[in-house]
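# Structural characterization, general
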Amino acid sequence: MDVICKLKSEKILTRLRRPIYEANAVLASHTVYGALFNCAVKIGSERLLDALRSGEVLVSSLFPGIVRDEVDVFLIPKPLLVPQISVDKMKRFKKLKFIPLDELGNWKVDGAKVKLEGVPDVPKTSEVENIRVTIDRLTNSTVPFSDEGYVFYKDRFAYFFISFPDELESDVASLLDLMIYEGLGGDRTVGFGIFEELEILPVRVEDDTGVYVSLSQFIPSDEERKKLVTWEITEHGGTFIYKGGGTTLLKPLYRLCKEGTVTKGKIPGCLKKYEVPGHPETFFFYAKAYLLPIGGKVCVG
């Protein structure tokens, strides 16, 4: 079962901390997965935890949406293709970060049918800068820094795709209900990533073309790399593991294909398991691909 999890706030302005790494999304898929995993631990559902550990539950990265003429417009990352358009329009195309989900059916692998006229002007999310002070966990010295984040106003919302086995429908609904109160991303204790409303919308994919755009960050296997058409690489990891007030243990550094990567054929990606010397637990890093067909029709609702 594939659904969209739509998140919004009516009474408060929702902020999400800006990722420190370059990404074609508001929050990366491994951050969304981590939030769901933490909520599953708090619920205490072994069914959910087993599904998350095995990769049966797939998630996309978190993307923005806007309301235009009282209709929800779901924005997805621009497929990393070069369209056949005039030179004067190429500058505008290069500046595009997102396209409407319902425009994906007009795209071709050679970009011949890309229509810039169908792309709405996406309001730039405001930056919130708060001067804060942190304590370096190694030296115990104080370090001032400026915090930046995205703000979602009343006419904007955030959403992500999630896929799971049909028999887990009620379990996932409970998981998502808890997630909006627990929050998404970092700095939740100072008001980031807290939403008020959750709406689950069914998704149906038609006309599978065999060429896909990824809505998540993923790691392909050596064999799967042959199916990559166009891609960009980002790095994540190498930071400290936060647990029980913080540790001095480092996560592995991973290189992932960004959202917007185009593949010819389906690539599952992987779910990395790793252990850290001196720590008794096994950790998971989500690096699976959530794919939608380019040129195919995606129906929401």
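Just above, that's the structure.
Calculation rules
Residues numbered from 1 in each chain as written. Predicted model: local features only at pLDDT ≥ 70, side-chain atom pairs only at ≥ 80, totals over all residues. Heavy atoms only, no water. Helix = DSSP H or I, 4+ residues; strand = E, 2+ residues; numbered from the N terminus. Buried < 20%, exposed > 50% of the residue type's maximum accessible area, 1.4 Å probe, protein only. Contact = heavy atoms within 4.5 Å. Pairing = 2+ DSSP bridges. Salt bridge = Lys/Arg side-chain N within 4 Å of Asp/Glu carboxyl O. Axes fitted to C-alpha atoms, helices over the stretch in contact; angles between N-to-C directions.

What follows is about the overall build of the protein. A tally of helices and strands in the protein yields four helices and 20 strands. Of all 301 residues assigned to the protein, the portion counted as buried reaches 50%. Summarising the internal contacts of the protein: among those between residues at least 6 apart in sequence, 73% fall at separations of at least 24.

A large share of strand β10 (residues 156-163) lies buried, amounting to eight of its eight residues. The two faces of β10 match: Arg-156, Ala-158, Phe-160 and Ile-162 on one face and Phe-157, Tyr-159, Phe-161 and Ser-163 on the other face are all buried. Note: strand β1 (residues 2-8) against β10, six bridges, orientation antiparallel. Along β10, the bridge assignment pairs Leu-7 with Ala-158. In this structure, strand β4 (residues 63-68) lies alongside β10, joined through four bridges in antiparallel fashion. Following the sheet pairing, Ile-66 is matched in β10 by Arg-156.

What follows covers the pattern of salt bridges. Per the counting criterion, the structure on display carries ten salt bridges. Among the ionic pairs, Glu-182 bridges to Lys-42, the shortest N-O distance being 2.7 Å. You can see Glu-182 sitting in helix α4 (residues 169-182) and its partner Lys-42 sitting in helix α1 (residues 29-43), a full 140 residues away along the chain. Measuring nitrogen to oxygen at the nearest pair gives 3.4 Å for the salt bridge that ties Asp-50 to Arg-53.

Here Tyr-33 is to be found in helix α1. Classification of Tyr-33 as buried rests on a relative accessible area of 3%. Residues Tyr-33 and Leu-58, spaced 25 residues apart in sequence, show a C-alpha to C-alpha distance of 8.3 Å. Not counting residues within four places of it along the chain, the set of residues in contact with Tyr-33 comprises Leu-52, Arg-53, Val-59, Leu-271, Phe-284 and Tyr-286.

Our next topic: the sheet that holds strand β19 (residues 291-293). Across the sheet, which stays open at both edges, the four strands sit in the order β13-β16-β12-β19 with antiparallel pairing between neighbours. Both edges of this open sheet fall to β13 (228-230) and β19, since each of them pairs with a single strand only. Neighbour-to-neighbour, the strand axes of the sheet open up by a mean angle of 35°, direction not taken into account. Inspection of the sheet shows strand β12 (residues 211-214) paired to β19 by three bridges, in the antiparallel sense. Within the sheet, the bridge partner assigned to Tyr-212 lies in β19 and is Pro-293.

Across the seven residues that make up strand β5 (residues 71-77), a large majority, five, are buried. Summarising the sheet, β4 and β5 pair through four bridges and their orientation is antiparallel. Bridge assignment links Arg-68 to a residue of β5, and that residue is Val-71. Following β4, the chain reverses through two residues before pairing antiparallel with β5; Asp-69 in that reversal takes a positive phi of roughly 55°.

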